[in-house]
Amino acid sequence: MIHRRTLLGSLAASTLCPAPLWAEAGAPRFLAAARDTTGQHFLCGLSAAGEIRFRLRLPERGHAAAA
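Residues numbered from 1 in each chain as written. Predicted model: local features only at pLDDT ≥ 70, side-chain atom pairs only at ≥ 80, totals over all residues. Heavy atoms only, no water.

A. Representation of the sheet that holds strand 3 (residues 52-58). Ordered in space as 1-2-3, the three strands form an open sheet in which the pairing is antiparallel. One side of each edge strand has no neighbouring strand; the edge strands of this open sheet are strand 1 (30-35) and strand 3. Between one strand axis and the next, the sheet turns by 25 degrees as a mean value, whatever way the strands run. Pairing of strand 1 with strand 2 (residues 41-46) involves six bridges; the strand directions are antiparallel. If you follow Ala34 over to strand 2, its bridge partner there is Phe42. (Pairing = 2+ DSSP bridges. Helix = DSSP H or I, 4+ residues; strand = E, 2+ residues; numbered from the N terminus. Axes fitted to C-alpha atoms, helices over the stretch in contact; angles between N-to-C directions.)

B. Layout of the packing of aromatic side chains. Tallied over the entire structure, the rule returns zero aromatic pairs. One residue, Arg55, lies across the ring of Phe42, its end atom 3.9 Å from the ring centre. (Phe/Tyr/Trp six-rings, centres within 6.5 Å; stacked < 30°, edge-to-face > 60°. Lys NZ or Arg CZ within 6 Å of the ring centre and 35° of its normal.)

C. Quick peek at the environment of Gly45. Position of Gly45 relative to the elements: it lies in strand 2. Given a relative accessible area of 0%, Gly45 falls into the buried group. Along the backbone, Gly45 and Ala33 are twelve residues apart, and their C-alpha atoms lie at a distance of 9.0 Å. In this view, Gly45 contacts Pro28, Phe30, Leu31, Glu51, Ile52, Arg53 and Phe54; residues no more than four positions away in its chain are not counted. (Buried < 20%, exposed > 50% of the residue type's maximum accessible area, 1.4 Å probe, protein only. Contact = heavy atoms within 4.5 Å.)

This is the structure we're talking about:
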């Protein structure tokens, strides 16, 4: 069982860690898994027009993502 002080300390410490903002990731409208011509797998953030906002290499094939 977790103690209250441990929980409060963990919550306080988590606020000190920088978190990436959605806008910093290009504010993608869609997330999609992709494979390039060399066979490498990626998670891509796409704009409403289909432009790639970011591309993150994955170690394996991607299946689903949620923001």
